[in-house]
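# Notes for the structure review
One letter stands for each residue in the lines below.
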Amino acid sequence: MKEELPQQIRRAILHAEAAAAPHDLPTSRQAWSRLQFRLAYRPARGRYTVHASTLGVALYVLAFLSWMTWSGWLSASLLAVLTSAAAGAVCLSLHISRIFRS
Amino acid sequence: MEEQAFSALYEATAKPLWRYIAHVSGRQDVADDLLQECYFRLLRSGRSEMKIADARPYLFRIAANLLHDRWRRGGELALEKRDEPAIEPHPEKGVDTTRMLQSLKPRARQLLWLAYMEEMTHREIAAVTGLNVMSVRILLLRARREARALLTAKGEER
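A brief structural summary. (Residues numbered from 1 in each chain as written. Chains lettered and ligands numbered in written order. Predicted model: local features only at pLDDT ≥ 70, side-chain atom pairs only at ≥ 80, totals over all residues. Heavy atoms only, no water.)

On to the overall build of chain A, then. In terms of helices and strands, chain A carries four helices and zero strands. In chain A, buried positions account for 22% of the 102 residues. Entry remark: accessible area of chain A is about 7,500 Å², with carbon and sulfur atoms responsible for 68%. (Helix = DSSP H or I, 4+ residues; strand = E, 2+ residues; numbered from the N terminus. Buried < 20%, exposed > 50% of the residue type's maximum accessible area, 1.4 Å probe, protein only. Areas by Shrake-Rupley, 256 points an atom, 1.4 Å probe, with all protein chains shown as cover.)

Time to look at the nonpolar core. Counting 58 residues, the largest nonpolar core has Leu17, Tyr20, Ile21 and Tyr39 of chain B as its most contacted members. Those residues in contact with Tyr20 of chain B, other than ones at most four positions away along the chain, are Phe60, Ala63, Ala64, Leu67, Gln110, Trp113 and Leu114 of chain B. (Core = buried A, V, L, I, M, F, W, Y, C linked by side-chain atoms within 4.5 Å. Contact = heavy atoms within 4.5 Å.)

The interface of chain A with chain B comprises 34 residues on the first partner and 47 residues on the second. Here chain A packs against chain B, burying approximately 3,700 Å² in sum over the two surfaces, 64% of which is carbon and sulfur. Residue Glu37 of chain B pairs with Arg38 of chain A through a salt bridge whose shortest N-O separation is 2.8 Å. Summed over the shared surface of chain A and chain B, the result is seven residue pairs in polar contact (both at pLDDT 80 or more). (Buried area = accessible area lost by both parts, 1.4 Å probe. Salt bridge = Lys/Arg side-chain N within 4 Å of Asp/Glu carboxyl O. Polar contact = N/O pair within 3.5 Å; in protein donor to acceptor, adjacent residues only side chain to side chain.)

Residues and elements named next belong to chain B. It is at 9 Å that the axes of helix α2 (residues 28-45) and helix α3 (residues 52-72) come closest, and there the two elements cross at 125°. Here α2 lies oblique to α3, going by the angle between them. Of the two elements, α2 crosses α3, and the hand of that crossing is right-handed. Here α2 contributes Val30, Leu34, Glu37, Cys38, Tyr39, Arg41, Leu42 and Ser45 to the contact with α3, which in turn contributes Tyr58, Leu59, Ile62, Ala63, Leu66, Leu67 and Arg70. Partitioning the contact of α2 with α3 into residue classes produces 11 nonpolar, one polar and three charged. (Axes fitted to C-alpha atoms, helices over the stretch in contact; angles between N-to-C directions. Parallel < 35°, antiparallel > 145°, perpendicular 65-115°, else oblique. Left-handed = near helix turned anticlockwise from the far one by under 90°. Nonpolar A, V, L, I, M, F, W, Y, C, P; charged D, E, K, R; others polar.)

A separate point is the packing of aromatic side chains. In this structure the tally under the stated criterion is five aromatic pairs over all chains. Ring centres of Trp32 of chain A and Phe6 of chain B lie 5.2 Å apart, and the angle between their planes is 45°; this geometry places the pair in the tilted category. One end of the pair, Trp32 of chain A, is in helix α2 (residues 28-41); the other, Phe6 of chain B, is in helix α1 (residues 3-25), on a second chain. Take Trp32 of chain A and Phe6 of chain B: they sit in the same class, and that class is buried. Ring pairing ties together the aromatic residues Trp32 of chain A together with Phe6, Tyr10 and Tyr39 of chain B, which thus form one cluster. The ring of Phe40 of chain B carries the charged tip of Arg38 of chain A above its face, separated from the ring centre by 3.9 Å. (Phe/Tyr/Trp six-rings, centres within 6.5 Å; stacked < 30°, edge-to-face > 60°. Lys NZ or Arg CZ within 6 Å of the ring centre and 35° of its normal.)

Below is the structure:
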């Protein structure tokens, strides 16, 4: 009986694996120490740039709109909405940057 | 993340992750670099406290993104033009299967590996590769077809 395609493919991959020269991976201790070094000495520049710039833009828009529409209760409610929108924008930017970092 | 927790995660995931990257990229040096980068990004992401079962697909996703970045930069172009297998074959064992698999496109190698070696479902593959489920189904079908053609050709050569 003829072997099924998925089995043929799996067998071919395993055969290629077996044919590859042996390769030693770093131990978990070595990997941990390298990663700790990289985390400790990664460039600080740009780490917070995305958040700072998003926050800056949000605050600028907020200030501009509050200046444009400053008139009693209407402005107060508008400000409340805009503040929550700005907070939402910051949270979204944090979420998006986390996705891109991964 | 504590060293002990990292050690458990690394022991459980490093080997399959390295094999996956090496197989898809076709290069052991690339696999070494990207493996370290995967764990670096996991630790940096602030999600390093997740369980091993959850961290495993997440690491594969990071690896897929890193491989995709390489393809976008044209890192695979040289690989596709090679005559010799990029993964160093064992001198005493055959190289024909290695060569045959490496003649597949990187995307096909990636999908076949995830489907047949990692035994992921279409949905899981979609989550790892960032494709939608329908695209995975179609691309996997094509990859299977290409692999079948190569396997048949190899069978006829014997």
